[in-house]
Amino acid sequence: MMWHRKSLLSIEDLSPEEIIYILDKAKSLKESKGSKEPIFHSLRGKRIINLFMEPSTRTRVAFEIAAKSLGADTISISGEASSLTKGETLKDTAMNVQALGADAIVIRHSSPGSPLFLSRIVDVPIINAGDGAHEHPSQALLDIYTLREKMGDLRDKKITILGDILFSRVARSNLWGLLKLGAIVTLAGPSTLVPREFEELGARVTYDPEIALEDADAVMLLRIQHERQQASHFPSLTEYANVFGLDSKVLSGMKKNAIILHPGPLNRGVEIESEVADSNQSVILQQVANGIAVRMAILHLCITREESNH
Amino acid sequence: MKQTLLKDFDLLGGTLIDPRSGINKISDLYIRKGKIYHDMPKSGPSPNTHNIDGHVVLPGLLDLRAHNRVPGAGKSESVESLTRAAAKGGFSSILAMPNTNPYSDNPATIRYIQDRIKQTSKIKVYLSGCLTVGSRGESIAPLGSLKDAGVVAVTDCPDTPANNQIFTNAIRYAKMFGLAVLDFPQDSYLSKNSHAHESPLSLKMGLAGNPRMAEEMAVQRALLIARHLGVPIHLSSLSSAGSVQLVKQAKESGIEITADVSAHHLLLTEEKISDYNTSAKTNPPLRQDKDRETLIKGIKDGIIDACNSSHEPYAEHLKDVEFDLAPRGATGLETAALAFIEAMDEKEPFSLVAEKMSYNPHEILGLSVPSLAEGCEADFVVLKANEKWVYDPIDGESLSRNSPMCGYQFSNKIKFTISGGRIAYQYSPNSI
C-alpha cells in the first residue's frame, strides 16, 4: 500500500489498512530508535508549526519531540500568546502561519471540525491534535498501538471506555479505530455523559460498571472534566469516584490480565485510584512513550507521503 | 427614491391561480393605476407589455420571518438588499424581525427602519417589534407605542422569553392592542450552546445537540398559554415531527394556534452540516427525514398554516469561521417559494403556494388577502414552471451568501414580482 493522505483529520476517515500502516510505521521507528537510518532525517529542513489553541502538555510535547526526532524544526504557538486573543480569526492566523513558511500545521482547537476548516484554507498538511469533542486521532492511534503491543490482533477483543464519553474526542477517535480493527467496544459512565445514540455508531452502551468491566480485555479510563460538567451532568466527584472510580476492589473483579489505559492527565482518586494507576496492569506510561513513535509516523507519512517499501 | 414607477403595464396570457377568489383561468392582466383588469381597458394597451404565456400567476406572497439587519449590521444586509432579495424570491411583502441592533423595541428604531424602507424598498415591509425589552425576556416592551409606530406583530424571534409569567403577561398585553404574537418555540436551557440537531450525527461530529424536546416543550407551553388566555398565538419555524403532532391535537381541541415552517426544513436535513458547512447551520437546526416528512404532511393536512424563508443573513466573514463559532441562521428569501414547490413534489403545487405563502400569512398578521380579481390592487408573483436553473447565492441580491441551497437545481423560476401595484422584480436573462 502507499500513503496518500496529506492531512490527518480524523480516524473516522481512515481505512483499517491505513490505521495498520501508520502503526507499522510507528513500530519500525520505535524499534530502530537510536540507529542512523535515513528516516530519522526525513523531515530535515521542514518547519512544523504547533498551533495549540487549547492547553496541552503531553500532546504538544510529544509532537515536538516527534518532529525533532525526524530532523524538523518546530515552533509552538499557544492560544494565549497568539493574535487570536487580539481578535484575529483562525482563518487569518492559519494563512499567516502558512505565509511564514510552515511545512505542516499541528492544530489543537476547541472547535469541532476546525482542522477540516483549516485544511480548506491552507495547502500544507494539517494534523489534528484534538478538535473539541470531535476527534483526537494521534491519541487513538497511540492507544491502539499500545493495545496491540500488549494484546496482539484486536479482532473480537473487548475494550471498555469508561468515563465522560459525551465530551471526549479521545473516546470518539478510539471508537472508530477499535471498531475498524474488529474490536468490541463498550462505552460506560454516567447516563448523562454516555448518550444511548452511541449504539447507532456501533458501540455497546452500559451504565453498570460491573457489566462494563467484568469481561473486558482492556479498559480505557477517561478524565472527568469536572470544571465543565459538574452540576449539569453529575452531582460530585466523590459520587463519581464511588460509582465509577476504578479502585483495586473493582480491578480484582476484572480479568487477571486486563490492562488499564488512560490518556492523561489523571485525576487520582476520582476515575482512578493510585494503586491501580501504578499497578502492573496499568500501561499509562507506555502510552506516553508510544505517543512519540506514533506521532513520528504520522508526521513522516503526511509530510513526505512516502511510498511503501516494506 | 430608487423606485421606477411603472404605473401601467400589461401581462398577457398567464394562468391565474387564486382559489380564494374562485379564479383558475388563462387571462390577460392589465394593470392601470395599480389595479388589476382582465379585459383591455378602453384606453388601449400599455407600451409596457409582456407576454407571459405558459406562466403561472399567484396572489402576492408574504414572508413571515425575514431578519432585518438595519440598524446594526448593514454589511450583512441593507434594507434595500433585503427587499430586493425578497422580490427576487417572489415575495411582494415581508414581515421584518425585530432583532436589530439596537433592538426594535422602541418607536425611534421603528421609525428609523421605516425611513429606510421608504427610501429603498420596492415591496411592502411590515414590521414586528420585540415582545420584551431587548428580547431579553425580562420586561414587557412598550407594545402600545410600538403599535402606534406601525408594527403589526410582536415577537422575540429567534428567541423566546424563558420566564413564563412575563411571556404570558406580554401576550395578554399584546392582544389588548390587537397585535399578532409570533413565538419562536425553543427552550433556552435545552438548546443552550447547541450547534446542531441532537442525533448520532451531532454526537460523532462532537457538536452540542439541540433536541427535538427543546422545541416541543416550548410548543406545549405556547399551546397552554393560548388555551389559558383564549388568544391566538402563531408558532414560527417548527422543525420537529413531535411539534406537528402537538399542534394537530391543539387545533382539534379548539385552541387558536397557527404555525409555520421554514422552506429549508421542508427540503433539507441534518446531513447538510456533515462537512461542517456553516451555511447549513440554521435556527432551529435542520433535523432528520422523519421530521421533514412530517412537516410536509403537516403542510398538506392543514396543520401547518404557512411556510417562511427564515432569512438570516450573515456577512461572509461571520460565517467563514469554525462551525461552533458561526452564528445560527441561513439566508432564504431568494429560494423559499421555489424550495416550497420542490418540497411539495406535486403536479399542481400552486394552490398550496397561494394558501401557505399568501393567504394564511396575511391572515395571521390580520392583513387583507391579495387577490387576482378585477379591481383589486396588483400584488402578485409570476413564475415559470418547468424551467430548470441552479441557484448560486453569488448571483443573488442579498449581501450575504450563507445559503444551504447553493448548487440546488430548481425546476421553477420567478419572472415577475408585483407589489402594491408596481413591478418590484422582473427577471432579465442578463442578471440571472
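Keep in mind it's a predicted model, so treat the numbers as computed, not measured.

K.L.:
Before we go on, may I ask you to explain the overall build of chain A in this structure?
P.N.:
Scanning chain A from terminus to terminus reveals twelve helices and nine strands. What you see for chain A is a C-alpha radius of gyration of 19 Å, in line with the 19 Å of a compact globule of 310 residues. Seen through its C-alpha atoms, chain A measures out along the principal axes to roughly 55 × 45 × 35 Å.

K.L.:
In this structure, what is going on with the overall build of chain B? I would like to understand it.
P.N.:
A count of helical and extended segments in chain B gives twelve helices and 18 strands. Over its C-alpha trace chain B gives a radius of gyration of 21 Å, about what one expects of a compact globule, namely 22 Å for 432 residues. Reported as C-alpha extents along the three principal axes, the dimensions of chain B are approximately 65 × 45 × 45 Å. Taking all 432 residues of chain B together, 57% fall into the buried category. Partitioning the intrachain contacts of chain B with sequence separation of at least 6 by distance along the chain shows that 77% fall at a separation of at least 24.

K.L.:
Hey, could you run me through the packing of helix 5 (residues 137-151) of chain A against helix 12 (residues 284-304) of chain A in this one?
P.N.:
Between two packed helices, the angle of one axis relative to the other and the distance separating the axes together describe the packing. Residue and element names in this part refer to chain A. Look at helix 5 against helix 12: their axes get within 8 Å of each other, and the N-to-C directions meet at 120°. The pairing of helix 5 with helix 12 is recorded here as oblique in orientation. Two packed elements cross with a definite hand, and for helix 5 against helix 12 that hand is right-handed. Facing helix 5, whose interface residues are Ser138, Leu141, Leu142, Asp143, Tyr145 and Thr146, helix 12 presents Gln286, Gln287, Asn290, Gly291, Val294, Arg295 and Ile298. Its residues assigned to classes, the contact of helix 5 with helix 12 shows five nonpolar, six polar and two charged.

K.L.:
Please explain the pairing of strand 2 (residues 23-32) of chain B as it appears in this structure.
P.N.:
Regular strands place their side chains on alternate faces of the sheet. All names here are of chain B. Of the strand pairs in this sheet, strand 1 (residues 9-18) and strand 2 are connected by eight bridges, and their pairing is antiparallel. Across the sheet, Thr15 pairs through a bridge with Ile26, a residue of strand 2. The antiparallel hairpin formed by strand 1 and strand 2 contains four residues in its connecting segment, where Gly22 sits at a positive phi of about 70°. Of the pairings in the sheet, the one linking strand 2 to strand 3 (residues 35-37) comprises three bridges and is antiparallel in character. Among the inter-strand pairings, Tyr30 is bridged to a residue of strand 3, identified as Tyr37. Taking the residues between adjacent antiparallel strands as the criterion, strand 2 and strand 3 are bridged by two residues, where Lys33 takes a positive phi near 50°.

K.L.:
Would you explain the interface of chain A and chain B in this entry?
P.N.:
Interface size is often expressed as the accessible area that is lost when the parts come together. Each partner contributes residues to the interface: chain A has 19 residues there, and chain B has 14 residues. Of all the secondary-structure elements, those providing two or more residues to the side of chain A that touches chain B are helix 3 (90-99), helix 4 (114-119) and helix 6 (169-180) of chain A. Top element by residues in the side of chain A that touches chain B is helix 4 of chain A. It accounts for three residues. Residue classes in the side of chain A that touches chain B are distributed as eight nonpolar, six polar and five charged.

K.L.:
Sorry, what's going on with the sheet that holds strand 1 (residues 47-52) of chain A here?
P.N.:
Sheets are built from strands that pair by backbone hydrogen bonding, the pairs being arranged parallel or antiparallel. Residues and elements named next belong to chain A. Within the open sheet, the four strands sit side by side as 2-1-3-4. Their pairing is parallel. Every interior strand has two partners, whereas the edge strands, strand 2 (73-78) and strand 4 (126-131), have only one. Adjacent strand axes in the sheet meet at a mean angle of 15° when their direction is disregarded.

K.L.:
I would appreciate a short explanation of helix 9 (residues 289-300) of chain B in the present structure.
P.N.:
Two residues of an α-helix separated by three or four positions point the same way, owing to the 3.6 residues in each turn. Residue and element names in this part refer to chain B. In this model helix 9 runs 16 Å from its N-terminal to its C-terminal C-alpha over twelve residues, within 8% of the 16 Å that 1.5 Å per residue would give. Where helix 9 is concerned, the buried positions are Asp291, Arg292, Thr294, Leu295, Ile296, Gly298 and Ile299. Considering only its buried residues, helix 9 is in contact with helix 7 (241-252), strand 14 (257-262), helix 8 (263-267), strand 15 (306-308), helix 11 (336-344) and helix 12 (350-364). Gly302, located one to two residues past helix 9, shows a positive phi value of around 85°.

K.L.:
How should the nonpolar core be read in this particular structure?
P.N.:
Grouped together as the largest cluster of nonpolar side chains are 218 residues, with contacts concentrated most on Ala104, Ile105, Leu187 and Leu299 of chain A together with Val154, Leu266 and Phe340 of chain B. Discounting residues that sit within four places of it in the chain, Ile105 of chain A has contacts with Ile49, Leu51, Ala94, Val97, Leu118, Val122, Val124 and Ile126 of chain A.

K.L.:
What is the right way to look at the environment of Gly182 of chain A in this model?
P.N.:
All names here are of chain A. Among the structural elements, Gly182 can be located in the loop between helix 6 and strand 6 (184-188). According to the C-beta neighbour criterion, Gly182 is exposed, with 12 such atoms within 10 Å. Along the backbone, Gly182 and Glu199 are 17 residues apart, and their C-alpha atoms lie at a distance of 16 Å.

K.L.:
What's the story with the pairing of strand 14 of chain B in this structure? I'm lost.
P.N.:
Residue and element names in this part refer to chain B. Summarising burial for strand 14: six of the six residues are buried, a large majority. Burial along strand 14 is two-sided: the face carrying Ile257, Ala259 and Val261 and the face carrying Thr258, Asp260 and Ser262 are both buried. Two strands pair when backbone bridges link them, and strand 13 (residues 233-235) and strand 14 are joined in this way by three bridges, in the parallel orientation. Of the residues in strand 14, the one forming a bridge with Leu235 is Ala259.

K.L.:
So what exactly am I meant to see when it comes to helix 4 (residues 164-176) of chain B here?
P.N.:
Residues and elements named next belong to chain B. If you check helix 4, its first and last C-alpha atoms are 19 Å apart, about what 13 residues at 1.5 Å a residue would give, namely 18 Å. Listing the buried residues of helix 4 in full gives Phe167, Ala170, Ile171 and Ala174. Projected onto a plane normal to the axis of helix 4, the buried residues spread over an arc of 100° and lie on a single side. Opposite the buried face of helix 4, at more than 90 degrees from it, the exposed residues are Gln165 and Met176. The inward-facing, buried residues of helix 4 abut helix 3 (143-149), strand 9 (153-155), strand 10 (180-183), helix 6 (212-229) and strand 13. Where helix 4 ends, the next residue or the one after it, Gly178, has phi of about 70°, a positive value.

K.L.:
Explain the environment of Ser111 of chain A here, please?
P.N.:
Inspection of the secondary structure puts Ser111 of chain A in the loop between strand 3 (104-109) and helix 4. Taking the C-alpha atoms as reference, Ser111 of chain A lies 26 Å from Val205 of chain A; in sequence the two are 94 residues apart. With sequence-adjacent residues up to four places away left out, Ser111 of chain A is seen in contact with Asp131 and Gly132 of chain A together with Glu322, Phe323, Asp324 and Leu325 of chain B.

K.L.:
Help me understand the packing of helix 1 (residues 16-31) of chain A against helix 5 of chain A, please; the structure alone is not making it clear to me.
P.N.:
Residues and elements named next belong to chain A. One way to put it is that helix 1 packs onto helix 5 with a least axis distance of 10 Å and a crossing angle of 70°. Accordingly, the angle class assigned to the pair helix 1 and helix 5 is roughly perpendicular. You can see that helix 1 and helix 5 cross each other, and the crossing is right-handed. Contact residues: Ile22, Leu23 and Ala26 in helix 1; Leu141, Ile144, Tyr145 and Arg148 in helix 5. Of the residues belonging to the contact of helix 1 with helix 5, the class tally is six nonpolar, no polar and one charged.

K.L.:
Looking at this structure, I do not really get the confidence of the model for chain B. What am I missing?
P.N.:
Note: predicted coordinates in regions of low pLDDT should not be interpreted at a detailed level. All names here are of chain B. Residues at a pLDDT of 70 or more form 98% of chain B, whose mean pLDDT is 96. Across residues 1-5, where pLDDT falls below 50, the model places four contacts with residues more than four positions away in sequence or in other chains. Here the prediction assigns the complex a pTM of 0.93, and the interface score ipTM is 0.91.

K.L.:
Can you walk me through the sheet that holds strand 6 of chain A in this structure?
P.N.:
All names here are of chain A. Read from one edge to the other, the open sheet built from five strands follows the order 7-6-5-8-9, with strand pairing classed as parallel. The open sheet has two free edges, formed respectively by strand 7 (204-206) and strand 9 (259-261), since each of these has just one partner strand. Taking the axes of each pair of neighbouring strands and ignoring which way they run, one obtains an average angle of 20° across the sheet. For strand 6 and strand 7, the ladder comprises three bridges, and the chain directions are parallel.

Criteria and cut-off values
- Residues numbered from 1 in each chain as written.
- Chains lettered and ligands numbered in written order.
- Predicted model: local features only at pLDDT ≥ 70, side-chain atom pairs only at ≥ 80, totals over all residues.
- Helix = DSSP H or I, 4+ residues; strand = E, 2+ residues; numbered from the N terminus.
- Rg over C-alpha atoms; globule rule 2.2 N^0.38 Å.
- Buried ≥ 20, exposed ≤ 12 C-beta atoms within 10 Å, placed from the backbone.
- Contact = placed C-beta atoms within 7 Å.
- Axes fitted to C-alpha atoms, helices over the stretch in contact; angles between N-to-C directions.
- Parallel < 35°, antiparallel > 145°, perpendicular 65-115°, else oblique.
- Left-handed = near helix turned anticlockwise from the far one by under 90°.
- Nonpolar A, V, L, I, M, F, W, Y, C, P; charged D, E, K, R; others polar.
- Pairing = 2+ DSSP bridges.
- Expected span 1.5 Å × (residues − 1).
- Core = buried A, V, L, I, M, F, W, Y, C linked by C-beta atoms within 7 Å.
- Arc of directions from axis to C-beta.
- pLDDT = per-residue confidence, 0-100.

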